[in-house]
Amino acid sequence: MSMTLLQAWQSAKSRLEAAHIAGPVIDARLLVEAAADATRADIVTDPHRALTPEQEARLADYVSRRERREPVSHILGRKGFWKVMLAVNADVLTPRPETEVIVDYVLKQFPEQMPFTILDLGVGSGAIILSILAERPAAKGLATDISDEALAVARENAANLGLASRIAFARGDWTAGLAGESFDVVVSNPPYIASEVIETLEPEVKQYDPRLALDGGADGLDAYRTLAPEIMRVLKPGGAFAVEIGYDQKDAVEALFNAAGAGDVWTIKDLSTHDRVVVGVKNPLETRK
């Protein structure tokens, strides 16, 4: 006898709970929706709808993979972030809600119809810059990454979101080759986990996220030592920056940007009240008498 949507969800949830998966209720629902070509509303309004044999087999595969700690985003090949849906795979960091703090900050700095230029350093899937461009139709952007594979994912996402005409992509090491004073805002979610800490992380992270996007060197701060002066170099006078940090890196990263000449440097907390995003500005040039 075929399994119903409700039975499928309950079964998947039980298996994920038994495997000690965090968030089994949501993960089970997402896997059932994808396997059964259903929506959240379908599970509520038509819970007794039967799955086909093919859908049951697909769900069994999905749940088995999740039990082995493969992220749902990799199983389904997509991840929601801010207000957009992004293609993701093993070549990019899975976007996380904490990073939405950067998007929220930037959108508050620029009214909807205001034209501005944005640079995303280490673009990965494109989550940050594409979420911003999707809500600011007069903005244009440039995204860099050292990984050709990551750039391919970001380009795909830009095309899928209808944003390809407003963003350019370049393979490069952070700001290498970029002219000074070129952008109104610079954003980045660089690798910031200390090398020795990576092996202590959850399997979903240490086994499936690209190490290139995680490893911040011995103390986790290698990227910021490069980024702080370079971000100040490529920012236009009066421009702003926002970079994600680890929960315990506020003082160190603020100090690096202050030393690089940034102004009004401070840190925004995420919804979990962890220090999450260091922001600041490049002070306008003083008027000479």
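Preceding this section is the structure that the text describes.
Residues numbered from 1 in each chain as written. Predicted model: local features only at pLDDT ≥ 70, side-chain atom pairs only at ≥ 80, totals over all residues. Heavy atoms only, no water.

Undergrad: I would appreciate a short explanation of the sheet that holds strand 4 (residues 140-145) in the present structure.
TA: Backbone hydrogen bonds hold the strands of a sheet together, and the pairing may be parallel or antiparallel. Read from one edge of the open sheet, 7 strands run 5-4-3-6-7-9-8, paired in mixed fashion. Edge strands, defined here as strands with exactly one partner in the open sheet, are strand 5 (167-171) and strand 8 (263-269). Across this sheet, the average inter-strand angle for adjacent strands is 15°, counted without regard to direction. Contacts from helix 6 (residues 100-109) reach strand 6 (183-188), strand 7 (235-244), strand 8 and strand 9 (275-281) within the one sheet, and its direction differs from that of strand 7 by about 155°. (Pairing = 2+ DSSP bridges. Helix = DSSP H or I, 4+ residues; strand = E, 2+ residues; numbered from the N terminus. Axes fitted to C-alpha atoms, helices over the stretch in contact; angles between N-to-C directions. Contact = heavy atoms within 4.5 Å.)

Undergrad: What exactly am I supposed to notice about the environment of Ala41 here?
TA: Here Ala41 lies in helix 3 (residues 40-45). Sequence-wise, Ala41 and Ala12 are 29 residues apart; in three dimensions their C-alpha atoms are separated by 18 Å.

Undergrad: For this particular structure, what's the right way to read the packing of aromatic side chains?
TA: The relation between two aromatic rings is expressed through the spacing of the ring centres and the mutual angle of the planes. Evaluated as defined, the whole model comprises 2 aromatic pairs. Between Phe110 and Phe116, the ring centres sit 3.9 Å apart and the planes meet at 15°, which makes this aromatic pair stacked. Across the pair, exposure class does not vary: Phe110 and Phe116 are buried alike. Judged by centre distance (4.2 Å) and plane angle (15°), the ring pair of Phe241 and Phe257 falls under stacked. With a gap of 16 residues between them, Phe241 in strand 7 and Phe257 in helix 11 (residues 250-259) connect regions that are remote in the sequence. Here Phe241 and Phe257 have matching classes, each one buried. The residue whose ring lies beneath Lys13 is Trp9, and the NZ or CZ to ring-centre distance is 5.6 Å. (Phe/Tyr/Trp six-rings, centres within 6.5 Å; stacked < 30°, edge-to-face > 60°. Buried < 20%, exposed > 50% of the residue type's maximum accessible area, 1.4 Å probe, protein only. Lys NZ or Arg CZ within 6 Å of the ring centre and 35° of its normal.)

Undergrad: Could you clarify how one ought to interpret the packing of helix 1 (residues 5-18) against helix 4 (residues 53-67) in this entry?
TA: Geometrically, a packed helix pair is captured by the angle between its two axes and the distance between the axes. It is the contact of helix 1 with helix 4, at a shortest axis distance of 10 Å, that shows an interaxial angle of 20°. Here helix 1 lies roughly parallel to helix 4, going by the angle between them. Both helix 1 and helix 4 take part in a crossing whose hand is right-handed. Contacts from Ala8, Ala12, Arg15 and Leu16 of helix 1 reach helix 4 at Leu59, Ala60, Val63, Ser64, Arg66 and Glu67. For the contact of helix 1 with helix 4, the class distribution of residues is 6 nonpolar, 1 polar and 3 charged. (Parallel < 35°, antiparallel > 145°, perpendicular 65-115°, else oblique. Left-handed = near helix turned anticlockwise from the far one by under 90°. Nonpolar A, V, L, I, M, F, W, Y, C, P; charged D, E, K, R; others polar.)

Undergrad: Could you clarify how one ought to interpret the side chain of Asp27 in this entry?
TA: Here Asp27 is to be found in helix 2 (residues 24-35). On the basis of relative accessible area, Asp27 is assigned to the buried category, the value being 11%. Look past the residues within four positions of Asp27 in its chain and what remains in contact with it is Leu16, Ile21, Ala22, Arg66 and Val72.

Undergrad: Whenever I open this one, the nonpolar core confuses me. Can you help?
TA: Across soluble globular proteins, you tend to see nonpolar side chains buried next to one another. Formed by 34 residues in total, the largest nonpolar core has its most connected members in Val106, Ile118, Ile132, Ile167 and Val187. Those elements that place two or more of their residues in this core are strand 2 (84-87), helix 6, helix 7 (127-135), helix 8 (148-160), strand 5, strand 6, strand 7 and strand 9. If we ignore the near neighbours within four places in the chain, the residues touching Ile167 are Ile129, Leu130, Leu133, Gly141, Ala143 and Ala158. Formed by 29 residues, the second largest nonpolar core is a distinct cluster that contains Leu121, Leu214, Val234 and Leu235. (Core = buried A, V, L, I, M, F, W, Y, C linked by side-chain atoms within 4.5 Å.)

Undergrad: Just to check I follow, could you spell out the pairing of strand 8 for this structure?
TA: Side-chain direction in a regular strand flips from residue to residue, so the side chains alternate between the two faces of the sheet. By the bridge criterion, 5 bridges tie strand 8 to strand 9 in an arrangement that is antiparallel. Across the sheet, the residue bridging to Lys269 is Asp275, located in strand 9.

Undergrad: What am I meant to see in helix 1 here?
TA: Because each turn of an α-helix spans 3.6 residues, side chains separated by three or four positions end up pointing in the same direction. Its 14 residues place the ends of helix 1 20 Å apart at the C-alpha level, agreeing with the 20 Å of an ideal helix rising 1.5 Å per residue. Of the residues one or two after helix 1, His20 is the one with positive phi, at around 60°. (Expected span 1.5 Å × (residues − 1).)

Undergrad: Could you clarify how one ought to interpret helix 10 (residues 222-234) in this entry?
TA: Taking 1.5 Å of rise per residue, the 13 residues of helix 10 would be expected to cover 18 Å, and the 19 Å separating its terminal C-alpha atoms lies within 8% of that figure. Approximately 30° is the largest bend angle found in helix 10, and it occurs at Ala228, with the proline Pro229 only one to four residues beyond. If you check which residues of helix 10 are buried, you get Ala223, Tyr224, Leu227, Ala228, Ile231, Met232 and Val234. On its buried side, helix 10 packs onto strand 3 (117-121), strand 6, strand 7, helix 11 and strand 9. (Bend = angle between axes of the 7 residues up to and from the residue.)

Undergrad: What is the right way to look at the packing of helix 6 against helix 7 in this model?
TA: Look at helix 6 against helix 7: their axes get within 9 Å of each other, and the N-to-C directions meet at 35°. Regarding helix 6 and helix 7, the two cross each other, and that crossing is right-handed. Contact residues: helix 6 offers Ile102, Val103, Val106 and Leu107, while helix 7 offers Ile128, Ser131, Ile132 and Glu135. Broken down by class, the residue content of the contact of helix 6 with helix 7 amounts to 6 nonpolar, 1 polar and 1 charged.

Treat this as a map of the structure, not an account of what it does.
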